[in-house]
Amino acid sequence: MTAMVESTKVEEGKTKKIENFDDVLPYVGEASRYQWFLFFLLLPFTFVYAFLYFAQFFITLVPAEHWCTVPELEHWNLTDYEQISIAIPPATKEELQLESATPFSRCYMYDVNYTELLEQGVRKANLSWPTVKCKQGWTFNHTMIPYASIAAELEWVCDKTFLGSAAQSAFFVGSIIGGFIFGYIADHYGRIPALVSCNAVGFFASIATAFCNSFWSFCIARLIVGSSFDNCFNVLFIIVIEYVGPKYRTLVANMSFGIYFAIAASILPWIAYWLADWRILSVVTAFPMIVAFLGPWIVPESARWYIINGKIDKAIDMLKKFAKVNGKEVKPEVFEEFEKSCKAMIEKDQSYNQYTVLHLFKLPRLARITVILIIYWLLIIWVFDGHVWNMKLLDPDVFTSFSLAAMTELPAAILLALFLDRWGRRWMGFASMFTCGVFSLIALLTPPGVLTVTMAILARLGVNVAANIGFQYAAEMLPTVVRAQGVSLIHIIGYIAHIVGPYVIYLADVHPSLPLIVLGLLSFVDAFLTLTLPETLNQDLPETLQEGNDFGIDQSFWWIPCISSSPQLKRSLRRQQEQGMTNTAFHGSIQTIDSTRL
């Protein structure tokens, strides 16, 4: 990985004009020892994020091979194969269309006197025997999945198969609720109280999950766990990015998430496989949250939160601490000028309070851009979740395939770090989703097995890239006066896709190929939808509503930033040579872009 090394230094004797928070970072250190500490501090919280996101996949995993339990056969010392031969009819036409179909029925058994038949020496069923739905529960083959999940224990199969997805939907309903609750705490009491309380709720609810013994108790526990999702990581992630210099943010944002998230998501299947107990898995995956209890002592409060709440002196004290750790000598006049700029920023941001998210829909072109951004994000999340859940339909070795698919987060982060600020958001977003669609459909044409899984993993890589582009794209395109509210609106509406995402796999009930067909077509729709948006790379980003409405109106459809220059590029006032990439979430305003504000 490329090291964070400060390539430029503030010239001695010259105090550069400080107009915003980013301008003071070169004096206290943009990518030095303290930033490295924060970079490594993200590790346990990224693990929490990945574990919360994916743990329920393994907590509710059900072996594809299961059949009706027949108590009368238990005393005859029959193998599983012999029990199926005499008690279980062939799969019906409808069952053969279900996910991971088996040649024998998973929901029906023969309605006969088995004791009498066995005493007569009968060991194979007669297809003319009457059938009935399972009466005494189910037996599961744990060869590929070496443990009984809560779905297997409570027998969420056949007519109750949907309960697993319903519980996952409850998790993301909790995420919406938690976004408002912990967002309120973050805005009124500080980011650190929000970080600690959010992880504390997730920790205790994850422990409580292990004691659930019914569908409703499990749903309630997962809903509470879901309330901590996103903010358990995003609060700290935004603080870290806030304190890193602008030219290092693309690298730090993508590589920290790419490395840590990829590691966490790829080892989770093997933790589940090794523990072989869904209750212990729920407890073990909660352990990283314990680090949050040390938050008040090891995590710095957001300087922007201090400033926006009028505590400029505490923000300056925080920056002085950074300078001391980073070995920087900062002249008093630097902080004096910073204090003046903070007061100016506070007045500027107070003028934004007259605007609400509804103002995004008052101008026609801005309204169209906002609606497209919402649909764009919804489709990305839907396709991403669809590929996550569809993986168990493609390969019986779900642990290996899931782990390999999760590793695509790392190459996705590398691609973004290398090319996002060269190719731009628009064409790279198009290429990534188009690639996802192509490989989704190619997977349909390949024989089941390794090749199909490989195509699905490459499709997952495409949507991973697009998902990482999406959030930054929206933050750059919306006007400053409503940016925080607009991004929060898009993010929260995205939870709708999370809620319906798990149900994509039930399209296989209609036809086995339908999930990948739908995911492929949605990817193409999203790809071409991206081309209807303006490019934001190297552009003067909109401040007012009218600027947001006119943004990109004179851009050529075929303009690619790294290939040709443009009038927009030539007119750009952004100081690329001095600052590198500046995420608009942290430039020119003390408003922060996160999922805690609406």
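Residues numbered from 1 in each chain as written. Predicted model: local features only at pLDDT ≥ 70, side-chain atom pairs only at ≥ 80, totals over all residues. Heavy atoms only, no water.

Engineer: Run through the overall build of the chain, naming residues and quoting values.
Structural biologist: The number of helices and strands found in the chain is 25 helices and four strands. Every one of the 598 residues in the chain was classed for burial, and the buried ones make up 58%. Contacts in the chain between residues at least 24 apart in sequence constitute 81% of all its contacts with a sequence separation of at least 6. Total accessible area on the chain stands at roughly 24,500 Å², and carbon and sulfur atoms take up 64% of it. (Helix = DSSP H or I, 4+ residues; strand = E, 2+ residues; numbered from the N terminus. Buried < 20%, exposed > 50% of the residue type's maximum accessible area, 1.4 Å probe, protein only. Contact = heavy atoms within 4.5 Å. Areas by Shrake-Rupley, 256 points an atom, 1.4 Å probe, with all protein chains shown as cover.)

Engineer: How would you sum up the side chain of H498? Please name residues and give values.
Structural biologist: In this structure, H498 sits in helix α21 (residues 483-500). Apart from the residues within four sequence positions on either side, H498 is in contact with Y53, F172, I381 and D385.

Engineer: Report on the pattern of salt bridges, specifying residues and quantitative values.
Structural biologist: It is possible for side chains of opposite charge to pair when their charged atoms get near one another. Counting across every chain of the model gives four salt bridges. Close ionic contact of D111 with K135 constitutes a salt bridge, the shortest N to O distance being 3.3 Å. Taken together, the positions of D111 in the loop between β2 (108-110) and α4 (114-119) and K135 in the loop between β3 (131-133) and β4 (138-140) put the pair 24 residues apart, joining distant regions of the chain. In this structure, R425 engages E476 in a salt bridge whose closest nitrogen and oxygen atoms are separated by 2.9 Å. Highlighted residues: R425 in helix α19 (residues 425-445) and E476 in helix α20 (residues 450-477), separated in sequence by 51 residues. (Salt bridge = Lys/Arg side-chain N within 4 Å of Asp/Glu carboxyl O.)

Engineer: Pulling in residues and values, what's your account of the nonpolar core?
Structural biologist: Membership of the largest hydrophobic core comes to 153 residues, with the highest contact counts inside it found for F54, F58 and F338. Top contributing element to this core by residue count: helix α2 (residues 33-59), with 18 residues. Each of domain 1 (32-62 + 146-301) and domain 3 (354-553) gives at least three residues to this core. V70, Y110, Y114 and L118 belong to the second largest nonpolar core, which has 23 residues in total. (Core = buried A, V, L, I, M, F, W, Y, C linked by side-chain atoms within 4.5 Å. Domains from an automatic or database assignment.)

Engineer: Go over the state of the cysteines, please, and point to the residues and values.
Structural biologist: What the rule picks out here adds up to two disulfides. Bridging C68 to C134, the disulfide has an S-S length of 1.7 Å. Taking the torsion about the sulfur-sulfur bond, which here is approximately -65°, the covalent link between C68 and C134 counts as left-handed. Within this pair, whereas C68 is found in strand β1 (residues 66-68), its partner C134 is found in the loop between β3 and β4, the two being separated by 66 residues in sequence. Looking at the chain, its bonded cysteines, counted consecutively from the start of the sequence, adopt the pairing 1-3, 2-4. With no disulfide partner, C232 has as its closest neighbouring cysteine sulfur the one in C198, 5.4 Å distant. (Disulfide = S-S within 2.5 Å.)

Engineer: Can you lay out the confidence of the model for the chain for me, pointing to particular residues and giving the numbers?
Structural biologist: Averaged over all residues, the pLDDT of the chain equals 83, while 89% of them reach at least 70. Counted against residues more than four places away or in other chains, residues 1-13, with its pLDDT under 50, gives 24 contacts. Note that pLDDT drops below 50 for residues 573-598; the model gives that stretch 100 contacts with residues more than four away or on any other chain. (pLDDT = per-residue confidence, 0-100.)

Engineer: Before we move on, can you summarise a negative patch on the surface with the specific residues and values?
Structural biologist: Taken together, the side chains of D313, D317, E333, E336 and E339 define an acidic patch exposed on the protein surface. Residue assignment for the negative patch shows that the elements contributing at least two residues are α14 (312-325) and α15 (332-350). A total of three residues in the negative patch trace back to one element, the largest contributor, which is α15. Among the structural elements, E336 can be located in helix α15. Since its relative accessible area comes to 48%, E336 is described here as partly exposed. (Patch = residues over 30% accessible without salt bridge, like charges linked within 9 Å, V, L, I, M, F, W, Y side chains within 5 Å. Lys, Arg positive; Asp, Glu negative; His and termini not counted. Charge placed at Lys NZ, Arg CZ, Asp CG, Glu CD.)

Engineer: Any details on the packing of aromatic side chains? Residues and values, ideally.
Structural biologist: Inspection of every chain in the model, using the stated rule, returns 47 aromatic pairs. Geometrically, the ring pair formed by Y110 and W129 is edge-to-face, given 5.4 Å between the ring centres and 85° between the ring planes. Of this pair, Y110 sits in strand β2 while W129 sits in the loop between α4 and β3; the two residues are 19 residues apart in sequence, bridging distant segments of the chain. Residues Y110 and W129 agree in their burial class; the two are buried. Across from the ring centre of F335, 5.6 Å away, lies the NZ or CZ of K320, which sits over that ring. (Phe/Tyr/Trp six-rings, centres within 6.5 Å; stacked < 30°, edge-to-face > 60°. Lys NZ or Arg CZ within 6 Å of the ring centre and 35° of its normal.)

Engineer: Tell me about the packing of α2 against helix α8 (residues 215-227), and please be specific about residues and values.
Structural biologist: A packed helix pair is summarised by two numbers, namely the angle formed by the two axes and the spacing between the axes. Between α2 and α8, the least distance of the axes is 11 Å, while the angle of their chain directions is 160°. The angle between α2 and α8 falls in the class roughly antiparallel. Helix-helix and strand crossings are classified by hand; for α2 and α8 the assignment is right-handed. Residues L52, Q56 and I59 of α2 form the contact with α8, whose participating residues are F218, R222 and V225. Of the residues assigned to the contact of α2 with α8, the class counts are four nonpolar, one polar and one charged. (Axes fitted to C-alpha atoms, helices over the stretch in contact; angles between N-to-C directions. Parallel < 35°, antiparallel > 145°, perpendicular 65-115°, else oblique. Left-handed = near helix turned anticlockwise from the far one by under 90°. Nonpolar A, V, L, I, M, F, W, Y, C, P; charged D, E, K, R; others polar.)

Engineer: For the packing of helix α18 (residues 409-423) against α20, give the residues involved together with the corresponding values.
Structural biologist: Between α18 and α20, the shortest axis-to-axis distance is 9 Å and the interhelical angle comes to 50°. Here α20 runs oblique to α18, going by the angle between their axes. Here the hand of the crossing between α18 and α20 comes out right-handed. For the pair α18 and α20, the contacting residues are E409, P411, A412, L415, L416 and L420 in the first and L461, N464, V465, N468, I469 and Q472 in the second. Residues belonging to the contact of α18 with α20 are distributed by class as follows: eight nonpolar, three polar and one charged.

Engineer: So what's going on with α8? Residues and values would help.
Structural biologist: In this model α8 runs 18 Å from its N-terminal to its C-terminal C-alpha over 13 residues, within 8% of the 18 Å that 1.5 Å per residue would give. The complete set of buried residues in α8 reads F215, F218, C219, A221, R222, V225, G226 and S227. Buried residues along α8 sit against α2, α5 (150-153), α6 (162-189) and α7 (191-209). (Expected span 1.5 Å × (residues − 1).)

Engineer: Please set out the environment of A467 residue by residue, giving values where relevant.
Structural biologist: If you trace the backbone, A467 turns up in helix α20. By relative accessible area, which is 19% here, A467 ends up buried. For A467 and M433, which are 34 residues apart along the polypeptide, the C-alpha to C-alpha distance reads 9.3 Å.

Engineer: So, a nonpolar patch on the surface: which residues are in play, and what are the values?
Structural biologist: Residues L410, I414, L415, L418, F419 and W423 make up a contiguous nonpolar surface patch of about 480 Å² in total accessible area. Within the element layout of this structure, W423 appears in helix α18.

Engineer: Kindly report on the environment of S169, identifying the contributing residues and their values.
Structural biologist: In this fold, S169 is placed in helix α6. Taking relative accessible area as the criterion, S169 reaches 8% and is therefore assigned buried.

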